[in-house]
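A look at the structure
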Amino acid sequence: MTTASEILNAINAAETVLIVGHVRPDGDCVGAALFMRHICEKLGKKADAACDGEKPAAYAFLPEYEYFCAPRYKKYDLFISVDCATESRLGEYKAQHASAKNSVNIDHHITNAKYGKINHVLPDASSTCQILFDLFGGMEGVMDKIGASMLYVGISTDTGHFMHSNTTATVFRAAAALCEYGIDIAALNHDLYCNNAFSKMKLTSRAIGGIVLYESGKIALMNISLKDLQDCGCTSEDTEGLIDNASAISGVRIAISMCEQAGSVFRISFRSVSADVSAAAARFGGGGHKLAAGCMISGNRYDVMEKVVAAATAALNSERID
């Protein structure tokens, strides 16, 4: 198992470091990328954090957010990927990963391809930020209030604010330890969960109103079109977390979110109470965790709806057989 010392040795051997998360970064990805950039800078390195795509405005409250998605150098000695299961999920930064002298891959997805020269992949961890806390928490000269705020956001978002099945005693101990650094829990929680733009609230209303139930209410499908985004003044970034409204319906075992992209492409997210939806996503070249997975599907909206509902139904039936 890779240790914190090995990762720190890789950082200390480099002059420039690029930390990259997956396309369409979520809270765990942003928190992990900013945290690694923060400690690299503390260790005297020139470090940048980036992702392929628009800067995720939902996390603008995080300290040092202004340093996210702003690479300054053409070439980096060390490439650190966080929360990213495959090289393809690095998007436009895949080439820089290949050209770096050294690479570190830190992740918690069971589907991780272990594509780094140094791989620290723990599928049982709740989040990449929990892994980083386990590696560096309590380490003098590395951990501080700023870094603790970043890690708390990642742990909180990837556990559904400590409501998902990946919330364990270890997770609560990590959150408690982060509090010891003096982070403002009330302010962070407010910024995370009570600070939505009115445009997103309008989109949420429309998305909930369009939910369709299948399999006697065990499957809920949320369908978000480009027109919905345009009418509400939103972007696809604003769809993050909307699937939780479908999951919250009594009796629903699997929730599905379909978000239309340009060119008749649909971004699909699956959430499950207990059935293995990673298998459903894998049918279409995607992946993720047992209870949370995703993929991209091209085609006609109604054909895609039929395919994803069929995949979810198969996951339900497989669970019944097991």
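Presented here is a report on the structure given in the accompanying data block.

Thresholds applied
- Residues numbered from 1 in each chain as written.
- Predicted model: local features only at pLDDT ≥ 70, side-chain atom pairs only at ≥ 80, totals over all residues.
- Heavy atoms only, no water.
- Buried < 20%, exposed > 50% of the residue type's maximum accessible area, 1.4 Å probe, protein only.
- Helix = DSSP H or I, 4+ residues; strand = E, 2+ residues; numbered from the N terminus.
- Arc of directions from axis to C-beta.
- Contact = heavy atoms within 4.5 Å.
- Pairing = 2+ DSSP bridges.
- Axes fitted to C-alpha atoms, helices over the stretch in contact; angles between N-to-C directions.
- Core = buried A, V, L, I, M, F, W, Y, C linked by side-chain atoms within 4.5 Å.
- Salt bridge = Lys/Arg side-chain N within 4 Å of Asp/Glu carboxyl O.
- Polar contact = N/O pair within 3.5 Å; in protein donor to acceptor, adjacent residues only side chain to side chain.
- Parallel < 35°, antiparallel > 145°, perpendicular 65-115°, else oblique.
- Left-handed = near helix turned anticlockwise from the far one by under 90°.
- Nonpolar A, V, L, I, M, F, W, Y, C, P; charged D, E, K, R; others polar.
- Disulfide = S-S within 2.5 Å.
- Phe/Tyr/Trp six-rings, centres within 6.5 Å; stacked < 30°, edge-to-face > 60°.
- Lys NZ or Arg CZ within 6 Å of the ring centre and 35° of its normal.

A few points about helix 1 (residues 4–12)
Residues A4, I7, L8, A10 and I11 constitute the buried set of helix 1. Mapping the buried residues of helix 1 onto a view down its axis gives an arc of 155°, with all of them on the same face. Among the structural elements, helix 2 (27–42), strand 3 (78–82), strand 4 (102–107), strand 5 (118–121) and helix 4 (128–136) are those in contact with the buried residues of helix 1.

Observations concerning the sheet that holds strand 1 (residues 16–20)
Taken together, the five strands give an open sheet; going across it, the order is 2-1-3-4-5, and neighbouring strands pair in parallel fashion. With partners counted over all chains shown, the strands left at the sheet margins are strand 2 (46–50) and strand 5, one partner each. When strand polarity is set aside, the average angle formed by the axes of neighbouring strands in this sheet is 15°. When strand 1 meets strand 3, the two strands line up parallel, connected through four bridges. Bridging from a neighbouring strand, V17 pairs with L78 of strand 3. Across the sheet, helix 1 is in contact with strand 3, strand 4 and strand 5; its angle to strand 4 comes to roughly 140°. Packing of helix 2 onto the sheet brings it into contact with strand 1, strand 2, strand 3 and strand 4, and relative to strand 2 it is tilted by some 175°.

Topic: the nonpolar core
With 51 residues, the main nonpolar core has I19, F35, M36, I80, L132, F136 and L178 as its most contacted residues. No other element matches helix 2, which puts eight residues into this core. In contact with L178, not counting residues within four places along its chain, are F133, M143, A148, L151, Y152, I155 and I183. With 23 residues, the next largest nonpolar core counts A293, C295, V308 and A312 among its residues.

Quick notes on the sheet that holds strand 6 (residues 212–214)
An order of 6-7-8-9-11-10 is seen for the six strands of this open sheet, with the pairing classed as mixed. Every interior strand has two partners, whereas the edge strands, strand 6 and strand 10 (287–288), have only one. Note that strand 6 and strand 7 (residues 219–224) share three bridges and pair antiparallel. Bridged to L213 within strand 7 is A220.

What about the pattern of salt bridges?
Under the definition given, this model contains 10 salt bridges. When the shortest N-O distance is used, the salt bridge between D144 and K42 registers 3.0 Å. Taken together, the residues span a long stretch of sequence, with D144 in the loop between helix 4 and helix 5 (145–158) and K42 in helix 2 at a distance of 102 residues. Residue class for K42 comes out partly exposed when judged on its relative accessible area of 38%. Residue R72 is joined to D48 by a salt bridge in which the shortest nitrogen-to-oxygen separation is 2.8 Å. Placement of the pair is R72 in the loop between strand 2 and strand 3 and D48 in strand 2, with a sequence separation of 24 residues. The network of salt bridges with common partners includes R37, E41, D48, E64 and R72.

A word on the side chain of H22
Take H22: it is sitting in the loop between strand 1 and helix 2. A distance of 3.5 Å separates the side chain of H22 from the backbone oxygen of R24, its partner in a polar contact. Side chain to side chain, H22 and D83 meet in a polar contact 3.1 Å long. Setting aside anything within four residues of it in sequence, one finds H22 in contact with C29, C51, V82, D83, C84 and R89.

Considering the packing of helix 5 against helix 7 (residues 185–193)
A pair of packed helices is captured by two measures, namely the crossing angle of their axes and the spacing between those axes. Packing of helix 5 against helix 7 leaves a shortest axis separation of 11 Å and a crossing angle of 50°. If you check the angle between helix 5 and helix 7, you find them oblique. At the point where helix 5 passes helix 7, the crossing takes the right-handed sense. Along the contact surface, helix 5 presents S149, Y152, V153, S156 and T157, while helix 7 presents I185, L188, N189, L192 and Y193. Class assignment for the residues of the contact of helix 5 with helix 7 results in six nonpolar, four polar and no charged.

Overview of the state of the cysteines
Under the counting rule described, the total for this entry stands at zero disulfides. C69 takes part in no disulfide bond, and the closest cysteine sulfur, belonging to C51, lies 3.4 Å away. Judged by relative accessible area, C69 falls into the partly exposed class, the value being 23%.

Some remarks on the packing of aromatic side chains
Tallied over the entire structure, the rule returns five aromatic pairs. With a centroid separation of 6.5 Å and an interplanar angle of 50°, the aromatic rings of Y59 and F61 are classed as tilted. Since its relative accessible area comes to 5%, Y59 is described here as buried. Note on F61: relative accessible area 24%, which makes it partly exposed. Note on Y152 and F162: the rings are 6.1 Å apart at their centroids and 45° apart in plane angle, and the pair reads as tilted. Residue Y152 is found in helix 5, and its partner F162 is found in the loop between helix 5 and helix 6 (169–179); the two are separated by 10 residues along the sequence. An identical accessibility class is assigned to Y152 and F162; each is buried. Over the ring of Y67 we find R37; its NZ or CZ atom is 3.9 Å from the centre of that ring.

All we've got here are geometric facts, nothing functional implied.
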